[in-house]
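Listed below, chain by chain, are the residues.
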Amino acid sequence: MPDRRMFWRIIRRLLGANRGRLFVILLALGAGAAVTAALLNLQVDAKRRLTTEFRSLGANVIIAARNANPGEPSTLSDELLQEIPSTVEGQRVSATAFLYFLGGMSHSSGPKDSTTVVVAGKSPATCTVGARLAAQMGFRLQDELWVENRNRQESCHVTAIDSTGGAEDDQVSIPLDAGQRLANQPGRISLIQLSVPGTPTAINNYISVLQQKLPDADVRPIRQFTEAEAQIYNRISGLLSATVAVVLILTALCVMAAMTNVAMERKNDVGLMKAIGGATRRVLRLFLVESALLGLAGGILGATAGILLSIWLGKAVFGVAARPRLIVYPVSVALTILVAIAGAYPLKRLASIRPASVFRGE
Amino acid sequence: MFVRLVTDSFRRRPRHKLLTGAALALGMAVATAALSVSLDVGDRLAREFRALGANLLVTPQADSLRLEIGGVDYRPVNAGAYLYESNLSKLKTIFWHNNIIGFAPILEVPVHAWTKSSQTLITPIVDAPTNLIGTWASQSVALSDGGTFSTGIEKTNPWWHLEQGRWFIDGSAECVVGKSFARRDGAKLGDILNIEGPHQNIPLRVTGILTTGGAEDDAVVVPLAIAQQLAGKPGQYRQLYVSALTKPEDDFGRRDPSSLSPEDYERWYCTPYISSIALQIQQVLRVADVRVIRRVADGEGRVLTRVRTLLWLVTFAALLAAALAVGASSAASVIERRTEIGLMKALGAGSGMVGFLLAAEQLLLAVVGGGVGYAVGILLARVVGEKIFGAAPQPSLFVLLLIVGLAAVVTLLGSALPLRRASRYEPAPILRGE
C-alpha cells in the first residue's frame with residue numbers, strides 16, 4: 001500500500017532530519033528509562049538483601065524445652081535439630097544447639113584448683129572462652145583448656161576469645177558431644193538458637209510452622225530482635241519505596257516536559273503538512289508514531305543501561321550483584337513509550353491552528 | 001539592549017520557556033527531594049535502630065562471673081561487687097551526653113514471691129526462687145546543669161511490653177509481674193504480692209503484667225529502691241544498660257585507641273563511635289567495666305552503613321537522570337533556534353555575543369527553575385519524611401545553593417554543545433532555510 005509506505009518514509013525523514021535533536025531526545029528518554037529500570041530493579045533486590053543483612057544481628061528465634069518447673073533446667077532431644085526446616089523462601093536457616101551446665105574449668109588436667117563456670121556444649125563445635133572469663137583466668141588463644149564435671153574431663157584448644165557484651169562473656173563453650181558426656185546427658189540439649197532470614201511476615205510464618213511441627217518444645221521469637229527488625233525493615237522499605245516513587249514520578253514529568261518542549265517545535269511541520277492537504281488526524285498520528293518509536297528506542301537503550309547500573313549499584317552496596325529481574329525491562333520500556341507519547345500529545349492542540357498563520361510566522 | 005533581548009525572548013515564546021522551565025524545575029525537584037531525604041535520614045535511621053535497645057552494658061569491674069542458666073543465677077547472693085546509683089547522673093556529663101538516649105540500672109535478687117491467689121496462703125507453691133529485677137520504670141535523673149533527664153527500662157529494653165495495667169511508680173511499694181509468673185501463681189492486677197527476700201519481707205501491689213518473650217516472663221520487676229532494700233544493698237545496683245546513638249564503626253573507629261597519635265586520638269574521642277562512648281562512660285563511672293553489646297552494635301552498624309550507601313546511590317542516580325533530562329531539554333531549546341541565531345549573526349552579532357545571550361537566558365531559567373524545583377522538592381521530602389519518620393527534614397541552605405548551582409551547570413553544559421556548533425553556522429544558508 002503506497003499510503004503506508006509513504007507514512008513510514010515520512011517517519012524516517014522526520015527522525016533522520018536532525019541528528020542533534022534525535023540524540024537529545026534519546027538522551028532524555030534514555031536517562032528516564034535508565035533510572036526507572038535501575039531503581040525498580042534495585043528496590044526489589046535491596047529489600048530482600050536487607051533482610052539477609054539483618055542476620056548480622058544474630059539469632060532471632062529460640063527453641064527451648066517447655067519447662068515444667070522454673071529453676072530446674074530442662075532439656076530437649078538433639079534429634080529436634082533434624083526436624084527444623086533448613087531453608088525459608090530459598091534462604092538458609094542456621095541453627096546452633098546448646099547444652100548448658102555448671103562445670104569446673106582449669107588450665108590442666110588433674111584434681112586441682114578449678115573455677116566453677118557456665119559451660120555451653122555447642123554444635124557446630126567450637127572451643128571458645130568468653131572475654132571476661134579469659135581475662136580473669138588468663139586464657140589466651142591456643143591454650144589448652146580443661147573442663148571437668150562429676151569426675152569426667154574433657155579438653156580442647158582455645159580457638160577464639162569471645163567478646164559479645166552478653167552472657168557469653170562469662171562462659172566457656174566446648175563441642176556439644178563433649179558437653180553431653182560431661183553433663184552425663186547424652187543426646188540432650190538445652191536450647192536451639194535459629195537465625196531465620198526473611199521479611200517479618202516470613203519469619204512469623206516460619207515460627208508458626210515450627211510450633212506446629214514441634215508441639216513439645218517452646219518455640220519463640222527473640223522479641224528484642226524480631227520486633228526491632230520488623231520496625232526497622234518497615235521504615236527502611238517505606239523510605240526506599242517513597243524515595244523511588246518520588247524520583248520516578250518527577251523523572252517522568254521532567255522527561256515529559258522536555259518532550260513536550262521538543263514537540264512544540266514541530267509547529268511548522270504540522271502547518272506545512274496541513275497546507276499540502278494532510279488531515280489533522282493523520283498528521284497527529286504521524287507525530288505520535290514518531291514519539292512512540294523514539295520512546296521505544298530510548299526505553300530499550302535506557303533500560304539496558306539502567307539494569308547494568310543496578311547490577312553495579314547492588315555490588316557497590318551489598319557486595320553481591322543485584323539479580324536482574326526480567327519483568328523490569330518491559331515495564332520500564334512501556335513506561336518510557338507512554339511518557340514519550342504523553343509528551344507529544346499536546347500537538348493535538350496544534351490541530352486547530354491554521355496553516356497560513358504558521359507560515360506568516362505568527 | 002541586552003536585557004531587552006532576553007526579556008523579549010521570554011515574552012515572545014512564553015510556552016516554550018515555561019516548558020523548559022518546568023522540565024528544569026521538575027528535574028531539580030527530584031534532586032532536592034532525594035538529596036534532602038538522604039542528608040536527613042542518617043540520624044533518623046540511627047534513632048530507629050535504638051528499637052534494638054541498649055548497646056552498652058556496664059558491670060562492676062570486680063564483679064564475679066555470672067553463673068546463669070535459664071534465667072536463674074547460681075551465684076551466692078553476697079558474691080560480687082556493686083555500683084553506686086548516685087553516680088548515674090554523671091553519665092550525662094560526658095562529651096557525647098546528648099547521644100545517650102536512655103539508661104537503666106538493674107539489681108537482681110533471688111526471692112520467694114507469692115500472692116493470696118496461690119493455692120497455699122502463706123507459702124509459695126513452688127519452692128524454686130523467683131528472679132526479682134529491680135530497675136527504673138521512668139525515673140527523672142537530676143543533672144548537674146540543673147535540668148532533669150527522664151529514663152528507664154522502657155528506653156533500654158523497648159521490647160518489654162505490659163500486657164495489662166501500668167508500670168509501677170518508682171520508689172513506691174508496687175511491682176509488675178511476668179506473664180508466665182502470673183499464670184503460674186494466679187496473680188492479678190491489684191493483688192498483693194508477698195516477697196520474701198534474703199533480709200526482709202515486703203508486700204507489693206501488682207500494677208501490671210509484663211511480657212518480654214524472654215526469661216523476664218518468669219520474673220517479678222520492682223522499683224530499684226525495693227530491690228536494694230530486699231538485697232540489703234541501699235543505693236547500689238549491679239548492671240547498667242545504656243542505649244546510645246552512635247556512628248557505625250569504620251576502619252578508623254576499630255583501631256586500638258592506645259595506638260593512635262594525639263591528634264588521631266582526639267578525633268577518635270570526639271566521634272560518637274560506640275567504643276569512644278564506652279571509654280567516656282568508663283572514665284566517669286571509674287570502677288565500672290563498660291562492654292559493648294557487640295550483637296546490637298555491630299549489626300546496627302552494618303545495616304546502617306548499607307542503607308546509607310544505598311540511599312546515596314539512589315540519590316546519585318536521581319541526580320544523574322535529572323541532569324541528563326534537563327541538559328537534553330536545554331540542548332533541544334538551543335537547537336531549535338538555529339534561524340534566530342542565524343539572523344542575529346547576519347545582523348552583525350559575534351559568536352561570543354550570541355553565546356553570551358543564550359547563556360544568560362539559560363542561567364535566568366536555571367535560577368528560577370532551580371528555585372521552584374527546590375521548593376517542590378522540599379515539599380515532597382517533607383511528605384516522605386513525615387509519612388515515614390513522623391518528622392520533616394529541615395530545609396537547608398546548602399541544598400538550595402547546591403541545587404541552583406547544579407541547575408546552572410546542567411543547563412549551561414546542555415546548551416554548550418549545540419552552542420558551539422551554532423557558533424560555526426554560516427548565517428546565509430540558515431536564513432535561506434537550508
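Residues numbered from 1 in each chain as written. Chains lettered and ligands numbered in written order. Predicted model: local features only at pLDDT ≥ 70, side-chain atom pairs only at ≥ 80, totals over all residues.

A. Layout of the overall build of chain B. Regarding its fold elements, chain B presents 13 helices and 16 strands. At 33 Å, chain B has a C-alpha radius of gyration far larger than the 22 Å of a compact globule built from 434 residues. Taken along the three principal axes of its C-alpha coordinates, chain B extends 110 × 50 × 40 Å. Residues classed as buried in chain B amount to 47% of the 434 residues present. Taking the contacts inside chain B whose residues are at least 6 apart along the sequence as the reference set, 80% of them involve residues at least 24 apart. (Helix = DSSP H or I, 4+ residues; strand = E, 2+ residues; numbered from the N terminus. Rg over C-alpha atoms; globule rule 2.2 N^0.38 Å. Buried ≥ 20, exposed ≤ 12 C-beta atoms within 10 Å, placed from the backbone. Contact = placed C-beta atoms within 7 Å.)

B. Highlighting the overall build of chain A. A tally of regular secondary structure across chain A gives eleven helices and 14 strands. Whereas a compact globule of 362 residues would reach a radius of gyration of roughly 21 Å, chain A reaches 34 Å, over 25% beyond that. Dimensions along the principal axes, computed over C-alpha positions, put chain A at roughly 110 × 40 × 35 Å. Residues classed as buried in chain A amount to 43% of the 362 residues present. In chain A, the share of contacts with a sequence separation of at least 24, taken over all contacts with a separation of at least 6, comes to 80%.

C. The arrangement of the interface of chain B and chain A in detail. Contacts between the two partners involve 69 residues from chain B, matched on the other side by 73 residues from chain A. The set of elements that each furnish at least two residues to the side of chain B that touches chain A consists of helix H2 (14-48), strand E2 (68-69), strand E16 (288-292), helix H9 (294-335) and helix H11 (351-389) of chain B. If you tally residues by element for the side of chain B that touches chain A, the top one is H9 of chain B, at 25 residues. Considering only residue class, the side of chain B that touches chain A consists of 45 nonpolar, eleven polar and 13 charged. (Nonpolar A, V, L, I, M, F, W, Y, C, P; charged D, E, K, R; others polar.)

D. Layout of the packing of helix H9 (residues 280-318) of chain A against H9 of chain B. Where H9 of chain A meets H9 of chain B, the axes come as close as 9 Å, and the angle between the chain directions of the two elements is 150°. In terms of their interaxial angle, H9 of chain A and H9 of chain B are classed as roughly antiparallel. The chirality of how H9 of chain A crosses H9 of chain B is right-handed. For the pair H9 of chain A and H9 of chain B, contact is made by Leu309, Leu313, Ala316, Val317 and Phe318 of chain A and by Arg306, Thr309, Leu310, Leu313 and Ala317 of chain B, respectively. Here the residues of the contact of H9 of chain A with H9 of chain B are counted per class, giving eight nonpolar, one polar and one charged. (Axes fitted to C-alpha atoms, helices over the stretch in contact; angles between N-to-C directions. Parallel < 35°, antiparallel > 145°, perpendicular 65-115°, else oblique. Left-handed = near helix turned anticlockwise from the far one by under 90°.)

E. Structural context of the packing of H2 of chain B against H9 of chain B. Residues and elements named next belong to chain B. The geometry of H2 relative to H9 is characterised by a closest axis approach of 9 Å and an angle of 170° between their N-to-C directions. As judged from the angle between their axes, H2 and H9 are roughly antiparallel. Considered class by class, the residues forming the contact of H2 with H9 number 20 nonpolar, nine polar and one charged.

F. Region of the structure containing the pairing of strand E15 (residues 239-244) of chain B. Residues and elements named next belong to chain B. Of all six residues in E15, six are buried; the element is thus mostly enclosed. Covered by surrounding structure in E15 are Gln239, Tyr241 and Ser243 together with Leu240, Val242 and Ala244, the residues of both alternating faces. Two elements, strand E1 (residues 56-60) and E15, share three bridges in a ladder whose sense is antiparallel. Bridging across to E15, Leu56 finds its partner in Val242. Where strand E5 (residues 100-115) and E15 come together, six bridges link them in antiparallel fashion. (Pairing = 2+ DSSP bridges.)

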